[in-house]
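# Close look at the chain arrangement
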Amino acid sequence: MDKHEGREAGTVRFDDPWYDALAVGWGEGAEAPPPHRTPADGSAPSASDIYLEVQRSAAFQEVRGRYRRFVVPATAGFLVWYVAYVIAATAAPGLMARPVAGSFNVALLAGLGQFLSTFLLTWAYSRHARLRRDSAALDLRWTVFERERGQERNRTGRGEDR
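Description of the structure in this document. Not measured: the values here are computed from a predicted model. (Residues numbered from 1 in each chain as written. Predicted model: local features only at pLDDT ≥ 70, side-chain atom pairs only at ≥ 80, totals over all residues. Heavy atoms only, no water.)

### Describing the overall build of the chain
The helix and strand inventory of the chain stands at 4 helices and 4 strands. Walking the chain from its N terminus toward its C terminus, one meets helices and strands in the order β-β-α-α-α-β-β-α. A total of 162 residues make up the chain; the buried ones form 19% of that total. Within the chain, contacts between residues at least 6 apart in sequence are counted, and of these 60% link residues at least 24 apart. Summed over its atoms, the accessible surface of the chain is roughly 12,000 Å², and 61% of this surface lies on carbon and sulfur atoms. (Helix = DSSP H or I, 4+ residues; strand = E, 2+ residues; numbered from the N terminus. Buried < 20%, exposed > 50% of the residue type's maximum accessible area, 1.4 Å probe, protein only. Contact = heavy atoms within 4.5 Å. Areas by Shrake-Rupley, 256 points an atom, 1.4 Å probe, with all protein chains shown as cover.)

Written out as structure tokens, the structure reads:
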């Protein structure tokens with residue numbers, strides 16, 4: 001994050017390499033643009049070039065695809081379940097007041113089911129992330145780290161000052 005001096009001294013600019021990148025792969029059939037090449041003068045790519053290249057990689061697109069394939073249906077299912085509960089509570093009070101066991105009625109059990117489904121969905125999300133995305137995302141993180149580290153070595157090895 002850089003603070004500007006002069007006329008626009010109050011503005012803050014975020015140097016986030018992901019911010020300016022195109023939203024590649026939002027559609028399942030979308031093709032990623034060709035990978036970014038290093039400059040023709042032989043200089044090492046900048047950090048933002050490294051991040052953009054990783055973002056365009058098939059491995060990154062696979063991680064994002066796995067994320068979307070879980071989150072979109074899970075969110076839609078939970079919202080349908082929640083809206084159905086609210087609609088049933090307002091449109092069918094007789095059904096919701098029907099006793100199930102003792103003082104427990106349908107509304108109370110459905111309300112407790114909302115809490116239970118929230119915890120189950122949280123567990124399913126963390127399990128999905130751990131089994132299907134975390135190792136691939138960690139590999140991408142190490143790829144970026146190693147490339148930035150190599151870039152730093154090249155810069156200091158050639159005698160350039162920071």
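### Side note on the packing of helix α1 (residues 47-56) against helix α2 (residues 58-91)
At a closest axis distance of 4 Å, the pairing of α1 and α2 adopts a crossing angle of 60°. Taken together, α1 and α2 sit at an angle that is classed as oblique. Of the residues in α2, those touching α1 at Val54, Gln55 and Arg56 are Ala58, Phe60 and Gln61. When its residues are assigned to classes, the contact of α1 with α2 shows 3 nonpolar, 2 polar and 1 charged. (Axes fitted to C-alpha atoms, helices over the stretch in contact; angles between N-to-C directions. Parallel < 35°, antiparallel > 145°, perpendicular 65-115°, else oblique. Nonpolar A, V, L, I, M, F, W, Y, C, P; charged D, E, K, R; others polar.)

### Quick notes on the pattern of salt bridges
Tallying each qualifying case throughout the model produces 4 salt bridges. The salt bridge involving Arg147 is made with Glu53; its shortest N-O contact spans 3.3 Å. Of this pair, Arg147 sits in helix α4 (residues 106-157) while Glu53 sits in helix α1, and the two are 94 residues apart along the sequence. For Arg147, a relative accessible area of 28% gives the class partly exposed. Note on Glu53: relative accessible area 26%, which makes it partly exposed. When salt bridges that share partners are traced, they join Glu62, Arg66 and Arg69 into one network. (Salt bridge = Lys/Arg side-chain N within 4 Å of Asp/Glu carboxyl O.)

### Side note on the packing of α1 against α4
Across the interface, α1 lies against α4 with an axial gap of 10 Å and an inter-helix angle of 155°. Here α4 runs roughly antiparallel to α1, going by the angle between their axes. Relative to α4, α1 is oriented so that their crossing is right-handed. Every residue of α4 that contacts α1 at Ala47, Ile50, Tyr51, Glu53 and Val54 is listed here: Leu140, Val144, Arg147, Glu148 and Gln151. For the contact of α1 with α4, the per-class residue count stands at 6 nonpolar, 1 polar and 3 charged. (Left-handed = near helix turned anticlockwise from the far one by under 90°.)

### Side note on α1
Residues of α1 that are buried include every one of Asp49, Ile50, Leu52, Val54 and Gln55, and no others. Elements that come into contact with the buried residues of α1 comprise α2 and α4.

### What about the nonpolar core?
Ranked by size, the top nonpolar core spans 6 residues in total: Ile50, Val54, Phe60, Val63, Leu140 and Val144. Only α1, α2 and α4 provide two or more residues apiece to this core. (Core = buried A, V, L, I, M, F, W, Y, C linked by side-chain atoms within 4.5 Å.)

### What to know about the packing of aromatic side chains
Under the counting rule described, the total for this entry stands at 2 aromatic pairs. Relative to Tyr125, the ring of Phe70 has its centre 6.0 Å away and its plane inclined at 50°; by these criteria the two rings are tilted. Of the two residues, Phe70 is situated in helix α2 and Tyr125 in helix α4; the sequence distance between them amounts to 55 residues. Overall, Phe70 belongs to the buried group, its relative accessible area being 19%. On the basis of relative accessible area, Tyr125 is assigned to the partly exposed category, the value being 33%. Here Trp142 and Phe145 contribute two aromatic rings whose centre-to-centre distance is 5.2 Å and whose plane-to-plane angle is 85°, an arrangement assigned as edge-to-face. Here Trp142 pairs with Phe145, and both are found in helix α4, just 3 residues apart, close to one helical turn. For Phe145, a relative accessible area of 38% translates into the label partly exposed. (Phe/Tyr/Trp six-rings, centres within 6.5 Å; stacked < 30°, edge-to-face > 60°.)

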